Amino acid sequence: MVPETDFLKDSKVTPGKLEFFRDSVRFEVTGSIPIESVLSPKNPKINILLKSSENSILFEDLELTKNLAAYSYKKSFDLAYEPWMEGAYLEAQFFQGKKDQAEPFQKKVLARGVITTPLLAKIGNVNPDEPIPQVGLFISTGVMDADLSRSKEFLITFDAGSSSIKMNTSNQQTIADLKAFLTENSSVVSFKITGTQAPENAEGKSSKLGMDRAESVKQLLGKSNITLRDSLTELKSRWNDWFDFRLQLREYEKLSTQRKDQYYAVLLDGSDYQSQSQALKKIPGFNQVASDLFPRLRAAKIEVVAKPLPGLDQSQTALLQKALSESTANSDLDMADWAIAGEVSPRLEDKAKIYSKMTELFRSVIPYNNLAVVKMRLAQRTLDQATKDKLWKEANALLNQAAKIDSSPYVLHNQGQILVLQGKTWDAYKKLSDASVLTQNEDFLKYNESLRGALDIMRGDYKLATLRFDYSYSEPKDFFNKGLAYFLVKDFANASLSFEQSVMAGRNYGYGFYGLAMVAVESGQVEVALLQLDKAIHASELIYQKALVDPIFEEIRSSDEFFQIFKPPVVINEK
């Protein structure tokens, strides 16, 4: 039966949506119970229930104040946040005061869920269906970051009008020189083959010959056991263009400076190819210049940008392996060689062996810190909490040893990162703050401050968090955290920009789309919010589950469009 009097109609919660703020959920419940002659409750009671499928908290018997026409109540709550609260509902319960009344006479849901937007901040936690975040900072030698790339040009020449390669002495030497260059610089950055044609009738009237020459050179390289990666290789051609002639002219020694200036005056006057051709032919001695330079334009130019692989050479590698296999406290390699070997080793297991041996050979912060980072990253690869705890304990022991040797911002950062992952955010914040004052290294500060900014978000210092991200980032998580900080100070323009940058940095990283959906809802753009949510939930199961309970989307959650994007796909079994 529907009661004639709604005793909870004035019951409400402030704020209207429960929110996480600085480790707690704070709210106030107010209301009144009307006093009416016949239905007046004799000993009314108001309980407040916070309940989810996992847990619940019951706050019994709010204090009631009897006034002339009603009982009024007002109570503030400050609850330590627990994860189960995110999907909970807050309910007011009215009892008439009868002794045998076990069930409330009336109920009213005051709020559903808890807004936990600050907890979206990325701090290195691992989620089962998402890429493993990289944590910890190695102390680097700089060898991996140094730009060691170098470029060189090689020329394969052809007979006039031909795209067939004759392996004359010149072309054989070119291939030999190219192989030697690639042996010394085996990490190829780019590989460009440009077919060129001399400005003479025998070279044809289209750029087809130039492209044929480029294709012929590519085939020759394959037959010469020079492997080309398609993603790094570019084939092109030039025709009716004096660019390559101008390059040849620069190295031509048979002309005086004054005569060369005449050529350059024509070649750089901005007129079309045919006009320049006529003007060049009028320069005294042009036929001799053409005779000398045109044969080198019947060619394909190979332009390579490559760099040597960083690391030890063959003899150094042999010494390294010998030292690793022997139980000796001496090494023929110095600490820099060992550090480079550890840095360039791609596998964590190999890094661990090298840094572990280094702790026996050298009294330095580097091996202890770097071995600790290896332990931290191995911990990221397991979901078993006992194994994580063991690896974190080992990492902390190494970092404590490093701290005894010398003060290092890297050690403090790594200690702070472990504390973050252990949920000890206040202790972590102190470590990270201490690390920031020890160095002016831009790369270090960018990484350290981004983690500090994420903690500022979780600690409720949103305005301060926006200042932490004043660096050039490339990772989608950093752009997302930056957007989150702006969103929480209600600077939606900058939040939207940062979330868009997160999307551009990694379209498979769904949190950027989730951030854009939050901004759209706050801006009243329901269709945009649904569009962005659709992209976000397909990137991560965690995001999917989050969107289902996030009170930010409460107003659109009952719409048909919301139901459609969250509707599981229908699986059709074909017989």
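To start, this report covers the structure provided alongside it. (Residues numbered from 1 in each chain as written. Predicted model: local features only at pLDDT ≥ 70, side-chain atom pairs only at ≥ 80, totals over all residues. Heavy atoms only, no water.)

### Brief notes about unusual backbone geometry
- A cis amide bond links T14 to the next residue, P15, at an omega of 0°.
- Phi at R22 takes a positive value of approximately 50°, unusual for a residue other than glycine.
- Here R22 shows up in the loop between β2 (18-21) and β3 (24-34).
- In this structure, D23 takes a positive phi of about 75° despite not being glycine.
- Mapped onto the elements of the fold, D23 is located in the loop between β2 and β3.
- What makes D23 partly exposed here is its relative accessible area of 40%. (Helix = DSSP H or I, 4+ residues; strand = E, 2+ residues; numbered from the N terminus. Buried < 20%, exposed > 50% of the residue type's maximum accessible area, 1.4 Å probe, protein only.)

### A look at the packing of helix α13 (residues 425-436) against helix α14 (residues 442-459)
- Relative orientation of the contacting elements α13 and α14 amounts to 150°, with a least axis distance of 10 Å. With respect to their mutual orientation, α13 and α14 come out roughly antiparallel. Crossing of α13 against α14: the hand is left-handed. Contacts between α13 and α14 involve T425, W426, A428, Y429, L432, S433, A435 and S436 from the former and F444, L445, N448, E449, L451, R452, L455, D456, M458 and R459 from the latter.
- Of the residues assigned to the contact of α13 with α14, the class counts are 10 nonpolar, four polar and four charged. (Axes fitted to C-alpha atoms, helices over the stretch in contact; angles between N-to-C directions. Parallel < 35°, antiparallel > 145°, perpendicular 65-115°, else oblique. Left-handed = near helix turned anticlockwise from the far one by under 90°. Contact = heavy atoms within 4.5 Å. Nonpolar A, V, L, I, M, F, W, Y, C, P; charged D, E, K, R; others polar.)

### A look at empty space enclosed by the protein
- Under the defined criterion, the tally for this structure stands at one cavity of 30 Å³ or more.
- Within this model, the largest cavity holds a volume of roughly 100 Å³.
- Around the largest cavity, the lining residues are T196, Q197, A198, P199, R238, W239, N240, D241, D244, F245, Y273 and L297. (1 Å grid on protein atoms, 1.4 Å probe; cavity = no way out; pocket = protein on both sides within 12 Å on 5 of 7 lines; lining within 4 Å. Points joined across faces, edges and corners; volume = space filled by probe spheres on them.)

### Thoughts on the nonpolar core
- Y514, M518, L533 and F553 are the most contacted members of the largest nonpolar core, which totals 50 residues.
- Sort the elements by how many residues they give to this core and helix α18 (residues 511-522) lands first, with eight residues.
- Sequence-distant contacts of Y514, that is, excluding residues within four places in its chain, are made with L120, L533, A536, I543, K546, A547, D550 and F553.
- Formed by 35 residues, the second largest nonpolar core is a distinct cluster that contains I340, F362, V374 and L399. (Core = buried A, V, L, I, M, F, W, Y, C linked by side-chain atoms within 4.5 Å.)

### What about helix α2 (residues 208-223)?
- Given a rise of 1.5 Å per residue, 16 residues ought to cover 22 Å, and the 23 Å separating the end C-alpha atoms of α2 matches this to within 8%.
- Here α2 has its buried residues at L209, G210, R213, A214, S216, V217, L220 and L221. Burial along α2 is one-sided: seen end-on, the buried residues are contained in an arc of 160°. Residues of α2 that are exposed and point more than 90 degrees away from the buried face comprise K208, Q219 and K223.
- Of the surrounding secondary structure, the elements contacted by the buried residues of α2 are β11 (150-157), α1 (169-184), β12 (187-196), β13 (233-238) and β14 (299-307).
- Where α2 terminates, the next one or two residues include N225, which has phi positive at roughly 65°. (Expected span 1.5 Å × (residues − 1). Arc of directions from axis to C-beta.)

### Things to note about the side chain of D461
- Among the secondary structure elements, D461 is positioned in the loop between α14 and α15 (462-468).
- Within the local environment of D461, its side chain forms a polar contact with the side chain of R22, the two groups lying 2.6 Å apart.
- When residues no more than four places from it in sequence are discounted, the contact partners of D461 are R22 and D456. (Polar contact = N/O pair within 3.5 Å; in protein donor to acceptor, adjacent residues only side chain to side chain.)

### Focus: the packing of aromatic side chains
- Within this structure, the stated rule accounts for 23 aromatic pairs.
- Geometrically, the ring pair formed by F94 and F105 is edge-to-face, given 6.1 Å between the ring centres and 70° between the ring planes. A residue pair is termed long-range when its members are at least 10 positions apart, and F94 in strand β8 (residues 89-95) and F105 in the loop between β8 and β9 (106-112) qualify at 11 residues.
- By relative accessible area, F94 is classed as buried at 0%.
- When its relative accessible area of 35% is taken as the criterion, F105 is described as partly exposed.
- Seen in terms of ring centroids, F286 and F294 are 6.2 Å apart; in terms of plane orientation they differ by 75°. Their pairing is edge-to-face. (Phe/Tyr/Trp six-rings, centres within 6.5 Å; stacked < 30°, edge-to-face > 60°.)

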